[in-house]
Every structure is written in C-alpha cells, then in structure tokens.
Number of protein chains: 2
Amino acid sequence: MTQHPHPNLGTPSKLVDGGLRIVALGGISEIGRNMTVYETNGKLLIVDCGVLFPEDNQPGIDLILPDFSYIRDRLNDVVGLFLTHGHEDHIGAVPYLLRERGDIPVYGSPLTIALISAKCKEHRISPLTREVTEGNREDVGPFELEFVAVNHSIPDALAVAIHTKAGTVLHTGDFKMDQLPLDGRITDLRTFARLGEEGVDLFLVDSTNADVPGFTPSEREIMPALNRVIASTKRRVIVASFSSHVHRVQQVIDTAALHNRRVAFIGRSMIRNMKIAEDMGYLNVPSGILFDARELDNYDDRVVLICTGSQGEPMAALSRMANGDHQIRVGDGDTVILASSLIPGNENSVFRVINELTRFGAKVVHKANAMVHVSGHAAAGELLYCYNIVKPKYVLPVHGEWRHLKANAEIAIQSGVPRENAFIIENGIVVDLVNHEAEVVGAVPCGFVYVDGQSIGDITESSLKDRRILGEEGFISVIVVIESQTGKIVAGPDIHARGFNEDEALFDEVRGQIEKALTAAVAEGVNGTHQLSQVVRRTIGGWVGQKHRRRPMIVPVVVEV
Amino acid sequence: MTQHPHPNLGTPSKLVDGGLRIVALGGISEIGRNMTVYETNGKLLIVDCGVLFPEDNQPGIDLILPDFSYIRDRLNDVVGLFLTHGHEDHIGAVPYLLRERGDIPVYGSPLTIALISAKCKEHRISPLTREVTEGNREDVGPFELEFVAVNHSIPDALAVAIHTKAGTVLHTGDFKMDQLPLDGRITDLRTFARLGEEGVDLFLVDSTNADVPGFTPSEREIMPALNRVIASTKRRVIVASFSSHVHRVQQVIDTAALHNRRVAFIGRSMIRNMKIAEDMGYLNVPSGILFDARELDNYDDRVVLICTGSQGEPMAALSRMANGDHQIRVGDGDTVILASSLIPGNENSVFRVINELTRFGAKVVHKANAMVHVSGHAAAGELLYCYNIVKPKYVLPVHGEWRHLKANAEIAIQSGVPRENAFIIENGIVVDLVNHEAEVVGAVPCGFVYVDGQSIGDITESSLKDRRILGEEGFISVIVVIESQTGKIVAGPDIHARGFNEDEALFDEVRGQIEKALTAAVAEGVNGTHQLSQVVRRTIGGWVGQKHRRRPMIVPVVVEV
C-alpha cells in the first residue's frame, strides 16, 4: 500500500501521449464533494461534482466546493461531466461549475438528470443534459464510457467504465450490493465480471463502509420494524428521511397503505423530489392515498407524514416541529420515526430534536432502538466480493476519510491486489495510467472553496481562524483618538467588548493603563497609528491574559485627527 | 407520568413541618453536573456536586456548574455533602461549592474521598472529609443516611437511602448491575430488597441507559477482544480510556502481563488516579510490569501504553499523538485501542484522531469494530429488575436528557408504579415528600453557571449569543470621529472586519455611503454619538445584508472630539 502525502510531491510533468491522467479534486480524505478529473489526448472528463457540508471547525460556512483551479484554464477542453447519481455530495457543486462554463454536456441516468435539472433551475441555469442508461456505451471525446447499473440509497445510480488507450478504469460511484432491492435493479456484477475478464487496470471504489464488517442488510429488512411501529400507533406517525431516498419513502407509503393511513409529504425538497420520482415511475403511489399537508386539520389521526430533517438541520421540517414553530404540532401519543442514518457530527442536533419531541409527548423511534435504517454503502464483505469479481490491477479507494480509505485498501490487498498497487492518496494527487501501468506522478494545488452567503471562495482559512477565536473568546476593541501633532489623547480609550463580558466597569482599571502606556510611548518618540495601536494591543492583551486567563481577539484602533 | 414544565410553576410555599423537600440543581434534562438538595427540619443535605461539559452551542466555555443560588443564603444550614462516586459529573463542582463555604463535611467512600481530595488539592482547598462505606448508617443532621454498594465504571460507588420522618428516599447515583464484576462488588440488591420491604417512598434512578434495550454486558466481556488484539500485534499497543476506569485499566494490565508486555501510564490524570488506586488496593499491578513512559526509548515494542484522550480532547495524550506533537510517535504497525464510550458530540474529534493515527500507519480498534467497551450504566432490563425489587411508591428519574428520563419513567410504570407517581421534572423543580406523599409544589430559579478562564458566572446567555454570531459571521466595526460642535466628520469612516472577508477594498463603496448618511442625519438635526452610531449601523448593515447576504455583527463607534 503506497501512501502519498501531498507536501512531498511536486508538479507533475506533461502527460505522455496515450496516457490517462486521474486527479481527484474532492472526495478523498473526506466524505463529500466528490469530483474526479480524467484527462487523455488533451481532453478532460469529469466524474461527479458534489458539495461537502462543513464541520464544527468551519463555522458559518454554508457549503464547501471542490477547488476548480486545476481545470479553470482548461474548461474548454472538458468534453463532459458524468454524474453517477443524484446525491448532493455528487451533484451539489454542478451549478457552480456551470457558472464557469455553461455548456459542458452533463451525462447521467434519467433520475439523476431530472434531479440536477431541478437543482440547476433553482440556480437559474439550464444545463445541456444527456441521458444515459446501464448497458449504454458512449464516446465522449476520446473517452469511451460504458455505464453499469449499481444499487444505492437513491434509484438509478450508475458506475462507469472508462475505456482509453492507456487502459480501463472502473469507477463505482456510491454503491452497495442489496441482492433483493425494491426495484429489482441490482449492482450488475455480471458486467463487473466481464470487465474484469477484459482487464480493469484501475478500480476506484467507494470506501464509506469499508471499515464496517460484514454485509449491509437489504433495504427490505426495515419493513418489519416500520410495520410494527405503525401498527402499534393509534395517533399520527411522522417519518423523517432523506428527500432523495425514494425506496425508503416507498416502504413508508406501502406500510401506510397496509394500515389504511393517508400520506402527506412535508418539506420543500421532499415534495419536489417525490413528485419527480412519481412522475418518472420510480415511486409507486396508490391512488387517493396522498393529501396536502396544509389540509391536515381535515384529517383524523390515521395519517403518516413524511418529512425532511432527519439530521436535525435547523431549518428543516422536523427541527421546526421539535421547536414548536411548525404548523404541525407534535403532541402526546404521536410517533416519530427517524428512518435515516445519523451522520457523524450531527448527534447533538439530532438528540436535541429527539429530546424536544419526547417532551411534547411523542414516542421517537430511531436506528438505535429499532431497525428503521440500513446504509446505502457496501460493507467490507461486499467489497471483497467486488474485488474478487473484478480482480483489478490497481486500486484507488475513494469516497472516504483516511480510516475508510485504509480499510478499503486492506480489503483489496486481502483479495490479492499487490500492496504497492493500492494507492491511498489525497485530493490533488496526480495518478497517471500509461500503457496499463499506474503511478503517482505529482500533485496539483487543491484547497477548500467555501460558500458563505453570496461569497464563493472569499472566506479563507485565516477568516475561519478569526471566527474560531471570536466564537470561543469574543473580542475587545479599543479606540483612542489622538492629536496628530502632539500625540495627545483627545478621546478614548473607548472600550467595546462582545462575547467576553457584559460588565463595562470591568475595563475601568485598564483604561488608565492604556492612557499611561500611550503617553509614555509618545514621550519616547513612538508615532504613527500602527505603532501606537500595537502599544494598546500589548497593554490590554497582557491585562486580559494575566487577570482573566483569557485570549479574546484584541482590535486596537488609534485614530489621528 | 406527570410532566412538569418549569415556566408554569410558581415559588413553592414554606416546607411543612416534618416534610422533606427535594430540589435538583443539575443533572435533570442533561447528562452532567448532578446535584440534588434535600431539606428537612431546616437543614440541607446535598448529594453530588458535578460539572457539565459544554456543547457546541456554548463556545469557549470550560465547564458548566450547577446554579448554587437556591442554597447560597442557606449555606450554613448545609449539614453535609454526600458524593456517590468519583466521576467529574458528580464531584467536579465541589471545589466551587467549597469556595463558598469551606467547612461543609464531605461524605463518600474511600476511593471517592481520595479522588475529591486530590482534586481539591489542585484548587488549594482542604476539604473536611468523612469516609463511609456500604452497610454504614450515619446521622447527618436530621437525615439518617444508609450507604449501599452499587457497581459502576469506577470502583467504590455508593447509593444512599435517606431516612427521614417524611419517608424514605433511595438515590442510586450512577450504577449498573454487572453480576460478575472484577472486584466482586455487585450492586447490593439484597439491601435494595430490604429497603423495598420497609418501604421506599421516592426512588431517584440513573436514567442514562434507560432507552437502551436489554442488559449492559459485564466488564469482563471485553477481555477476549483485548486479548485478541494484543496477541495479534507485533508492535506497540496504545490503549486510551477514562482515567478513572480502574477496572478497565486492570484488564489492560492483566492482558499485557499475559503477553509479557511492560506497561506505562501516560497523561497527568491517568498517572495520578492509578497511583491512588494502586496505593489503596483497587488496582493490582504485578510487580515490575510498570515503567516510566519518559524512558520509552529504552524499551522495545513489547509495551502497552495506557493513556487519556479517548474522547478526542485536544490537550490529552492521544490527540497530541495524533497531531504528531507528543513525545510518543505513533508509527506503522502500532495498534491503538479506544477502550471507551463515544460521548455524543465528540464524534468529529474522535474520528479526526482515528484518521490521523491511521495516516501514521496505526491500526485503530474501537467499539464500532471490536468489543472493547461496555457501558457503566444500567440498561432497560436492569432497571426493570430494580423497580421490581424496590417497588417504590414514587419515582423520580435523574441523570439524563428528556428522552432518557421518559424512557426510565415508562419502565417504572411497566413495573407497576402508577403513571401519576412517575415524575419527569427539570432542574429547579421542587418536590415535597410529606407523610409518604410526594408532590410537585413549585420551582426555584436555576440557570447555567459558566466557567471561562478565571471567570465564574460572568458569561451570560447574551455573551454566548454574541459568540455564536461572531463565530459564524465575524464582525465589522466602523469608527467615525466627528467634531462635536458641527457634526463634521474629521476622521474615518475607519472600517475593520474580522472573520468576514480579508479584502479591505470591499468596503470602499460603503465608506462613501456612510459619510453621506451621517452628513444627511446631522443636517436633519440628529445628534449624539449613540444616535449617529445607529445611522452607521443601519447603513452598513443594510449594505452587507443586501449585497452579501450575510449578517455579521456590526460595531459602530462614533467618537466626538
């Protein structure tokens, strides 16, 4: 297993003729913002273009995008963008890419194309789309793409085999191997096997559940728990799930129908996506079962409400119900089912929602107390099947943090992939496949691009560092107005603090110290607002550190008049 | 089940003669800062006095204390403080209480007293301690206390039966019912049964795992996994655990001995606590097995290092190893075992540590991939045993968030406690037991007391709100100096922003707008620095909201000279 730390790698030399270059701009060492750029013969193919959601050490950030700098000067060489499936971490950044060049052809399965079109519409962008389906082969510039059905927690997901002169790459996208999926559309191992027979040089494999032993249960296996909960509930049932999880919603609708309950969708994205899924035939809704949630008052308790907010997102329907500021009032005897994963980092928000719903008298069922969720990703056992069927020459684990990538590489190695052929890399690291031989050849700059309100990429690490200090410690600003000729203080020190201490009298003692320090500095010939403001900073910084054992941000301003 | 929301309750009237009043000042609706005040005959008994660790919406806070206001004027009436066991969430706030009255007698088991004494020493406080042990009966003022052995994730934990004229209360503290504990000291159900026979009027019960079905496995059951991992490792083994979990450490030492590995403790609290535990006979250390971690270079790889940091705490040993800034360098082939729980909210920190250790080449074993942890709290099945043995008249679930309290109450009700006799309350709610009848009689003010550096209780909710805004959005401060006579701007607008945008040129366009708005306001007769600063606030606030869709904190300062 070859681990490649970024800092030791230089800029790669020019790609040799007939070679294939692979660069991930996101999705490696993180779960989110998946984006891989393939290059051959001067042309670029992009696979996926997703967003990453911020962690607690990235405060105030709305979204994190892949860093497009590597391809920015070469956008005209892009022959296509292929989307493996319709999840945010694979399609969420597409509108931002299309802002830079609007006519990149976007390839995907019918559902994926419907979802990206709806998303682009919200951004007032009309993408140039090309529907493809499993079994299709399509020449996209110098790349021959072959699409392969895979099963995931959203319908119509595709893997892609990329046939080039340099060799064949198989890129799974997200997948699992549910052998009895609701729609009968299994991960196409027969095609994986045929590709393996023909020779897969490089295998890019979803690592999300590589550190989970065994097999991911079938989606069907949550039906008994759903059924038990809904059967035993006399009052309303509220089910929160991801708004793209069509099969999960299908099972909830089927169970509702079984118990003669009417169903309503709640939450903008849930309503929008389920309309798309029903119109396209992915979701089967018994006629007459649906009603409009705004008319809930006209219905008795025999309803199932399907809503967003399973991760405790503050603006989503379920969190607003938990806070009592949604039109739907959760009450005594209602049952809430969180039919969803619990994404690490969301625990506090989710448990807050559960506590508040419980306080209103609801019974809350979630994956810790009933089998109401199964994962959408292949666990270690499934991955082993995959490696044994494909028998790739080289392996590049993607879609995971370091621990997932490592676990995935170890599975590949167990299956017989030579240790030195399993690459654990980072975003920006360049792998060249030349004549069926893969090698790490360098690295390109690849950072985080933060979206915050209207700004894209303006928030830097240094702004985030400032935010962390401000958020933990607050700030103290000190304003002193001095006469430019004499250096005499004519107003101030005016001290303002936020997030530090409410008590203004606290600063009385340091005000005199600042005056004294400034007067002494001026007497010693220190001048200029910058120099004098440093005197202020040292004085108040020292005082607050020694006396209060705190390190708020200090903002000294000396103004000359 | 009677749920008592705080806001609807008034101040309770005076406690009737012969009555017992119970007020929790912490630990209800939260996991942490446990503290319950009992009053009878004009005297107060306190059970536990712990700290709560802050959540992500309480940025920069070091600790949260119980609110002592309810007892502050009555500290001289306190006849004793009984500590059920030595965990931080039960003893961490004792030094802060003793600062207010230093000679409160502190009761606890020998280990608990040793741990609180060590903690107080760090605060330069010498507490007045009284060792008690299971089976003891002790008159503490008008309270007759009877101490009962319970099993928990720290040795020597005690429950307490409080016998008063009003009736008997049984307060479990934290406990589980391991039937084969390492030290053979089981939760004393025979005494629970006898107390039940005599009549337990009110039962205060640990709720932490009430929503976990079944039974908590025995501590012994992690031994096979520890053994397997250590047996299969050729290089060093690093085990992270809580520094008070003597039995966990005992098992690690025993396994190390089995495999002829030497053992070292790492981390201040681990070294301190294990010294205490060994000296007192709670920890059995085979002679010659221990070495000083500072001399690690003199040993080969056949070592087991036992350290702190299992929750990803940034300053603890394991996190520093993960960041590469600890003297111990984790390397290829080392194995790290997180023999610990994963406290909700710590996931991101812990997974960051796991990723970094994996990146260094270590194999990381944790509760998600091996049975290297069992909980310290009784699960639903155990609680049911308890209720059936004690058969209390009233139940007051403690030590839990709302979802845990509710689950615990439901178990009591299943066992036959009348629904209206199971109280789900909040901190500050007052329950009176009079002549064996319990009733909620009111509420007293009870807030959060934040410790931040040297300050205790100075940080308010409003400061925290400011910190949240600053942390998410940053701030913009605008300074304008005007001539007091004419209102003419003589310096500024001087604009400083942090955590917002690094680009100063951004503000060029709004500077003119501010000047214009101020000049217009002065012309209209607006004067005074406060009024004018509001003009500045509105101008820049409007600009940043409309143009940037952001809401940073605005700090306008108008200075007159």
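Residues numbered from 1 in each chain as written. Chains lettered and ligands numbered in written order. Predicted model: local features only at pLDDT ≥ 70, side-chain atom pairs only at ≥ 80, totals over all residues. Heavy atoms only, no water.

S.K.: Just to check I follow, could you spell out the sheet that holds strand β23 (residues 449-452) of chain A for this structure?
M.R.: Backbone-to-backbone hydrogen bonds join strands into a sheet, with any given pair of strands oriented parallel or antiparallel. Residue and element names in this part refer to chain A. In spatial order, the strands read β5-β23-β24; together these three strands make up an open sheet with antiparallel pairing. In the strand order of this sheet, the two ends are held by β5 (63-65) and β24 (455-456), each with one partner. Here β5 pairs with β23 via three bridges, running antiparallel. Within the sheet, the bridge partner assigned to I64 lies in β23 and is Y450. (Pairing = 2+ DSSP bridges. Helix = DSSP H or I, 4+ residues; strand = E, 2+ residues; numbered from the N terminus.)

S.K.: Hey, could you run me through the pairing of strand β26 (residues 489-498) of chain B in this one?
M.R.: Two faces belong to every sheet, and in a regular strand the side chains alternate between them. Residue and element names in this part refer to chain B. Looking at chain direction, strand β25 (residues 475-482) and β26 are connected through seven bridges and run antiparallel. In the sheet register, I482 faces β26, and the bridge partner there is I489. Linking two consecutive strands that pair antiparallel, namely β25 and β26, is a turn of six residues; a positive phi of about 75° is found at G487 within it.

S.K.: What is the right way to read the confidence of the model for chain A from this model?
M.R.: Parts of the prediction with low pLDDT should not have their coordinates interpreted in detail. Taken as a whole, chain A shows an average pLDDT of 93; of its residues, 99% reach a score of 70 or greater. Here the predicted complex scores 0.90 on pTM and 0.87 on ipTM. (pLDDT = per-residue confidence, 0-100.)

S.K.: What should I look at first to understand the UniProt feature "binding site: Zn(2+)" (unreviewed entry) in chain A in this one?
M.R.: Residue and element names in this part refer to chain A. On the UniProt side, "binding site: Zn(2+)" (unreviewed entry) is annotated at positions that read H85, H87, D89, H90, H152, D174 and H399 here. The named residues occupy 315 residues along the chain; their greatest pairwise C-alpha distance, 13.9 Å, places them in one compact cluster. Positionally, H152 belongs in the loop between β10 (143-150) and β11 (157-164). Apart from residues no more than four positions distant in its own chain, H152 is found in contact with H85, H87, A157, D174, F175, K176, G376 and H377. Note on placement: D174 falls in the loop between β12 (167-171) and α5 (189-198). Excluding residues that lie within four positions of it along the chain, D174 makes contacts with H85, D89, H90, V150, N151, H152, D206, H377 and H399. Only 3.4 Å separates the side chain of D174 from the side chain of H85, close enough to count as a polar contact. (UniProt positions renumbered as here; feature names shortened; annotations may be inferred. Contact = heavy atoms within 4.5 Å. Polar contact = N/O pair within 3.5 Å; in protein donor to acceptor, adjacent residues only side chain to side chain.)

S.K.: What is the right way to read unusual backbone geometry from this model?
M.R.: Glycine aside, negative phi is the norm for most residues, and most peptide bonds take the trans geometry. For R33 of chain A, which is not glycine, the phi dihedral falls at a positive 35°. The residue R33 of chain A is located in the loop between β2 (20-26) and β3 (35-40) in this model. R33 of chain A sits in the buried class, given a relative accessible area of 2%. Despite not being glycine, H399 of chain B shows a phi value in the positive range, around 60°. For H399 of chain B, the position within the fold is in the loop between β19 (394-398) and α12 (402-414). Given a relative accessible area of 2%, H399 of chain B falls into the buried group. (Buried < 20%, exposed > 50% of the residue type's maximum accessible area, 1.4 Å probe, protein only.)

S.K.: Even after reading the chapter, I still don't get the UniProt feature "binding site: substrate" (unreviewed entry) in chain A, so can you show me in this structure?
M.R.: Residue and element names in this part refer to chain A. This chain's UniProt record puts "binding site: substrate" (unreviewed entry) on S243, S244, H245, H373, V374, S375, G376 and H377. Tracing the backbone through its elements, the reader meets V374 in the loop between β18 (363-365) and α11 (380-390). In contact with V374, not counting residues within four places along its chain, are K176, P217, S218, E219, I222 and R248. Inspection of the secondary structure assignment puts G376 in the loop between β18 and α11. Overall, the relative accessible area of 7% leaves G376 in the buried class. Look past the residues within four positions of G376 in its chain and what remains in contact with it is H152, S153, F175 and K176.

S.K.: Looking at this model, I keep getting lost on the packing of aromatic side chains. Mind explaining?
M.R.: Two measures describe an aromatic ring pair: the distance that separates the ring centres and the angle between the ring planes. Under the criterion given, the structure shown has 19 aromatic pairs over all chains. When the ring of F192 of chain B is compared with that of F203 of chain B, the centres are 6.3 Å apart and the planes differ by 85°; the resulting orientation is edge-to-face. Within this pair, whereas F192 of chain B is found in helix α5 (residues 189-198), its partner F203 of chain B is found in strand β13 (residues 202-206), the two being separated by eleven residues in sequence. Overall, the relative accessible area of 0% leaves F192 of chain B in the buried class. F203 of chain B sits in the buried class, given a relative accessible area of 0%. Seen from their ring centres, F215 of chain B and Y385 of chain B are 5.8 Å apart, and the 75° between their planes marks the pair as edge-to-face. A residue pair is termed long-range when its members are at least 10 positions apart, and F215 of chain B in the loop between β13 and α6 (223-231) and Y385 of chain B in helix α11 (residues 380-390) qualify at 170 residues. A residue is classified by how much of its surface remains accessible, and Y385 of chain B, at 48% relative accessible area, is partly exposed. Members of the aromatic cluster, joined through ring pairs, are F192, F203 and Y387 of chain A. Here the guanidinium or amino end of R359 of chain A rests over the ring plane of W402 of chain B, the centre of that ring lying 4.3 Å away. (Phe/Tyr/Trp six-rings, centres within 6.5 Å; stacked < 30°, edge-to-face > 60°. Lys NZ or Arg CZ within 6 Å of the ring centre and 35° of its normal.)

S.K.: Help me understand the relation of the copies chain A and chain B, please; the structure alone is not making it clear to me.
M.R.: One copy of the chain maps onto the other through a rotation about an axis followed by a shift along the same axis. For the match of chain A to chain B, the screw axis carries a shift of 0.0 Å, the RMSD comes to 0.0 Å, and the turn is 180°. Within this description, the copies of the chain are treated as partners about a two-fold rotation axis. Within chain A, G471 of chain A has its C-alpha nearest the rotation axis, a separation of 1.8 Å. A high fraction, 100%, of the interface residues of chain A reappear at the interface in chain B, so the copies pair face to face through one surface. (Least-squares fit on C-alpha atoms with pLDDT ≥ 70 in both.)

S.K.: How do you make sense of the environment of Q531 of chain B when you look at a structure like this?
M.R.: Residue and element names in this part refer to chain B. With respect to the secondary-structure elements, Q531 resides in helix α15 (residues 529-548). On the basis of relative accessible area, Q531 is assigned to the partly exposed category, the value being 49%. Taking the C-alpha atoms as reference points, Q531 and V558, 27 residues apart in sequence, are found 9.1 Å from one another.

S.K.: Help me understand the pattern of salt bridges, please; the structure alone is not making it clear to me.
M.R.: Pairing of side chains with opposite charge becomes possible as their charged atoms draw close. For the structure on display, the rule yields 68 salt bridges over all chains. A salt bridge links R74 of chain A to D77 of chain A; the nearest nitrogen and oxygen atoms lie 3.2 Å apart. Salt-bridge contacts for R550 of chain B lead to D452 of chain A; the nearest nitrogen and oxygen are separated by 3.4 Å. Highlighted residues: R550 of chain B in the loop between α15 and β27 (553-560) and D452 of chain A in strand β23, drawn from two different chains. Take R550 of chain B: its relative accessible area is 3%, and that puts it in the buried class. Residue class for D452 of chain A comes out buried when judged on its relative accessible area of 2%. Here the salt bridges do not stand alone but share partners, grouping R137, E144, E146, R194 and E198 of chain A into one network. (Salt bridge = Lys/Arg side-chain N within 4 Å of Asp/Glu carboxyl O.)

S.K.: Would you explain the interface of chain A and chain B in this entry?
M.R.: When the parts come together, some accessible area is lost, and that loss is often what is quoted as the size of the interface. Each partner contributes residues to the interface: chain A has 63 residues there, and chain B has 63 residues. Each partner contributes to the roughly 5500 Å² buried at the junction of chain A and chain B, and carbon and sulfur atoms together form 52% of this total. Taken together, the links from chain A to chain B amount to eight salt bridges. The partner of D56 of chain A in a salt bridge is R352 of chain B, with the nearest N and O atoms 3.1 Å apart. Put simply, chain A and chain B have 22 residue pairs in polar contact (both at pLDDT 80 or more) between them. Within the residue set of the side of chain A that touches chain B, elements represented by two or more residues are α10 (347-359), α12 (402-414), α13 (461-473), β25 (475-482), β26 (489-498), α15 (529-548) and β27 (553-560) of chain A. The class makeup of the residues in the side of chain A that touches chain B is 20 nonpolar, 21 polar and 22 charged. (Buried area = accessible area lost by both parts, 1.4 Å probe. Nonpolar A, V, L, I, M, F, W, Y, C, P; charged D, E, K, R; others polar.)

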